[in-house]
Amino acid sequence: MILTSTLARIIYNPPYISRNSIFPDYNKPKTMKMFSDIGKKLEQLCSSCFCRLTFTLRVNWFSLELFYFLFISTLGFLILHSLDVRTTTFTPRNLDLFFTSVSAATVSSMSTVEMEVFSNAQLIIMTILMFIGGEIFTSLVGHYIRTFLLHDSPKDGNKVDFCDSQSCFSDKIELNDLSIIESGKQKSDQFSMEDLKHQSLKFLGVVVLFYFVLVQFLGVVSVLIYLSAISSANSILNQKGLHLLTFSTFTIVSTFANCGFVPTNENMLVFRKNSGLLLILVVQILLGNTLYPPALRFSIWFIGKFTKKSESRYLLKNKDIEYGHLYSYLHSIFLLVTVLVFIMVQYILFSSMEWSSESLSGLNVYQKLIGVLFQTVNSRYSGESIVDLSTISSAVLVLFVLMMYLPPYTSFLPVAEDKGRKRSRKIMDNLIFSQPIYLVIFIILVCITERKQMVDDPLNFNVLNIVVEVVSAYGNVGLSIGYNCDRRLKQDGACQNKWYGFSGKWSDEGKLILIVVMIFGKLKKFNMKGGKAWKVL
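Read on for an overview of the structure. Bear in mind the structure is a predicted one, so any value in this text is a computation, not a measurement. (Residues numbered from 1 in each chain as written. Predicted model: local features only at pLDDT ≥ 70, side-chain atom pairs only at ≥ 80, totals over all residues. Heavy atoms only, no water.)

With that settled, the discussion passes to the state of the cysteines. Covalently bonding the sulfur atom of one cysteine to the sulfur atom of another cysteine gives a disulfide. A complete count under the given rule lists one disulfide for this structure. Here Cys 485 engages in a disulfide with Cys 495; their sulfurs sit 1.9 Å apart. One disulfide, between Cys 485 and Cys 495, carries an S-S torsion of -75° and so falls in the left-handed class. You can see Cys 485 sitting in the loop between α21 (463-474) and α22 (508-522) and its partner Cys 495 sitting in the loop between α21 and α22, a full ten residues away along the chain. Of the two residues, Cys 485 and Cys 495, both sit in the buried class. (Disulfide = S-S within 2.5 Å. Helix = DSSP H or I, 4+ residues; strand = E, 2+ residues; numbered from the N terminus. Buried < 20%, exposed > 50% of the residue type's maximum accessible area, 1.4 Å probe, protein only.)

This part covers the packing of aromatic side chains. Under the definition given, this model contains 21 aromatic pairs. Geometrically, the ring pair formed by Tyr 438 and Phe 520 is tilted, given 4.9 Å between the ring centres and 55° between the ring planes. One end of the pair, Tyr 438, is in helix α19 (residues 435-449); the other, Phe 520, is in helix α22, and 82 residues separate them in sequence. Classification of Phe 520 by relative accessible area gives partly exposed; the value is 27%. Measuring from ring centre to ring centre gives 5.6 Å for Phe 442 and Phe 520, while their planes differ by 75°; the resulting arrangement is edge-to-face. Of this pair, Phe 442 sits in helix α19 while Phe 520 sits in helix α22, and the two are 78 residues apart along the sequence. (Phe/Tyr/Trp six-rings, centres within 6.5 Å; stacked < 30°, edge-to-face > 60°.)

Glancing now at helix α10 (residues 231-240). Of the positions making up α10, those classed as buried are Ala 233, Ile 236, Leu 237 and Lys 240. The buried residues of α10 all sit within an arc of 95° when viewed along its axis, so they share a single face. Residues of α10 that are exposed and point over 90 degrees away from its buried face: Ser 231, Asn 238 and Gln 239. Just downstream of α10 lies Gly 241, where phi reads positive at about 70°. (Arc of directions from axis to C-beta.)

Look at helix α15 (residues 329-354) against helix α16 (residues 365-378): their axes get within 9 Å of each other, and the N-to-C directions meet at 125°. Between α15 and α16, the crossing angle belongs to the class labelled oblique. Crossing of α15 over α16 shows right-handed handedness. Mapping the contact onto sequence places Ile 343, Gln 346, Tyr 347, Phe 350 and Ser 351 in α15 and Leu 369, Val 372, Leu 373, Gln 375, Thr 376 and Val 377 in α16. The class makeup of the residues in the contact of α15 with α16 is seven nonpolar, four polar and no charged. (Axes fitted to C-alpha atoms, helices over the stretch in contact; angles between N-to-C directions. Parallel < 35°, antiparallel > 145°, perpendicular 65-115°, else oblique. Left-handed = near helix turned anticlockwise from the far one by under 90°. Contact = heavy atoms within 4.5 Å. Nonpolar A, V, L, I, M, F, W, Y, C, P; charged D, E, K, R; others polar.)

With that out of the way, let us pick up a nonpolar patch on the surface. Side chains of Leu 209, Phe 210, Val 213, Leu 214, Phe 217, Leu 218, Val 221 and Ile 225 sit close together on the surface and give an oily, nonpolar patch of about 720 Å² of accessible area. Structurally, Val 221 can be placed in helix α9 (residues 178-229). Among the residues examined, Val 221 registers a relative accessible area of 31% and is labelled partly exposed. (Patch = residues over 30% accessible without salt bridge, like charges linked within 9 Å, V, L, I, M, F, W, Y side chains within 5 Å. Areas by Shrake-Rupley, 256 points an atom, 1.4 Å probe, with all protein chains shown as cover. Salt bridge = Lys/Arg side-chain N within 4 Å of Asp/Glu carboxyl O.)

What follows is about the pattern of salt bridges. Across all of its chains, the model carries six salt bridges by this definition. Close ionic contact of Lys 240 with Glu 266 constitutes a salt bridge, the shortest N to O distance being 3.0 Å. Highlighted residues: Lys 240 in helix α10 and Glu 266 in the loop between α11 (244-256) and α12 (275-288), separated in sequence by 26 residues. Here Lys 240 and Glu 266 have matching classes, each one buried.

Time to look at a positive patch on the surface. A cluster of like positive charges, contributed by Lys 305, Lys 308, Arg 313 and Lys 317, occupies part of the molecular surface. Position of Lys 317 among the secondary structure elements: in helix α14 (residues 310-317). For Lys 317, a relative accessible area of 68% corresponds to the exposed category. (Lys, Arg positive; Asp, Glu negative; His and termini not counted. Charge placed at Lys NZ, Arg CZ, Asp CG, Glu CD.)

Glancing now at empty space enclosed by the protein. Applying the stated criterion to the full structure yields one cavity of 30 Å³ or more. The calculated volume of the largest cavity comes to roughly 70 Å³. Along the walls of the largest cavity sit Asn 258, Ile 285, Leu 286, Asn 289, Thr 290, Val 339, Ile 343, Thr 376, Val 377 and Arg 380, which together make up its complete lining. Among the elements of the structure, α12, α15 and α16 are those that each provide at least two residues to the lining of the largest cavity. Looking at the lining of the largest cavity residue by residue, the classes come out as five nonpolar, four polar and one charged. (1 Å grid on protein atoms, 1.4 Å probe; cavity = no way out; pocket = protein on both sides within 12 Å on 5 of 7 lines; lining within 4 Å. Points joined across faces, edges and corners; volume = space filled by probe spheres on them.)

Another aspect to go through is the nonpolar core. Core analysis: the biggest nonpolar cluster contains 118 residues, and Leu 204, Met 268, Leu 296 and Val 470 have the highest contact counts within it. The residues contacting Met 268, other than those within four sequence positions of it, are Val 262, Leu 277, Leu 278, Leu 281, Phe 374, Glu 384, Ser 385 and Ile 386. (Core = buried A, V, L, I, M, F, W, Y, C linked by side-chain atoms within 4.5 Å.)

A separate point is the environment of Val 471. Counting through the fold element by element, Val 471 comes out in helix α21. Separated by 66 residues in the primary sequence, Val 471 and Tyr 405 have C-alpha atoms spaced 6.2 Å apart. Excluding its chain neighbours within four sequence positions, the residues that come into contact with Val 471 are Val 401, Met 404, Tyr 405 and Leu 439.

Okay, unusual backbone geometry next. Even without glycine at this site, Asn 267 takes up a positive phi of about 60°. Looking at where Asn 267 falls in the secondary structure, it is placed in the loop between α11 and α12. Taking relative accessible area as the criterion, Asn 267 reaches 17% and is therefore assigned buried.

Take a look at the structure:
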């Protein structure tokens, strides 16, 4: 015990050796101050470099995503252009191919050519574009960038357990040295919390990746089983020359990403009687978009329930997690209720207006119930359809426009917002318009470019149809009125009805504007609070 006490005093306050007697030029205060200044300068340099990287990534996150979507859209166009189409009588123009590539990458499903024109190889490329362009995938990539580039993960070698390393001396150290141990405990606790947060962020990335892959895998398997078991659905694919695996993978990836592309010209209209297939897709639509935050929170809770991981408890209880799709328990409940209410309102109106109409003719009661559910769920961001939208009532169409405009995580129940965030870039904030203003600007521009056709063909080129097309592109939904040659005032024998969107009949200038609208709509999350500086008195 005497030896132990002596060693402790030597370590913390060595009085026995005179350094000046051995090293005459040694000056302890000046030397220690010099090393301390060097250490602080190095720390400030590293910290400033890291902060500059963090600031650059955060400030330019909009530019980064804009470059990402422009890059994959351009790359997709080049690959689609290099591949042969299925038909030999028709070859899409370059603008239409680029339009299709942008539509797939931004998961908008706006179409200017028929889908059955594309070959199996081109459908696979479009599947990849939808896969890497979906919101969950891009948010997952952003999460990994923030986790591994913007967070300083504690290294195992840097962890110091001060209590363990000094426990053998604790009973013999003088009282004035106990502050060292207390400081060590605080640093150790701080290190543990930072380490737990970093591990929780990595755990969240694993959960999102697992969720992203598992839900789509189960969807593909379910569609494969259904199409193999139901001869009526399988015969449709055989008639159209579509591969079973390609159709299943393409449709599930498109549905989960809420794109709305289907390899058939008629979209899901040819499968309107296959209620089982429609129900499979309804689940994919909800889990891939509007109900993703509640489903993600439930997944974290479910995994934590059986694994007893501390990371799961940390994610569920802390609100400082930098992942925009992880909501609190209360917010998730509010969002779930809001989604169900929106579906119910649309379901009631659509059923009351269209139950006996031409749009649902030929379906029995059960098929109508499932078909109406499928159509109302698709009005928010997916865009698949079992009806011809040009035949439905104007009241339902206006409601669909409203649903397409609303953001996917709209909640009408009160949720407290974080008011402690600092406002930055006030000048730019004052110049940014609100989303409705941008929509009006885009609609006016399209009306200008299509003004000649609005005069010559007013039944097809009317303002309501243009509004539906622009709002659908801005919301990345994909629902379209289409174009009907029978509604032309001046009949033209060369006009043929085609299974593509209304924008397929637009001018090149109008299509370019819609390309901008799709990209702008994909990045609208950066402008959710725009226009606050504009006051209407």
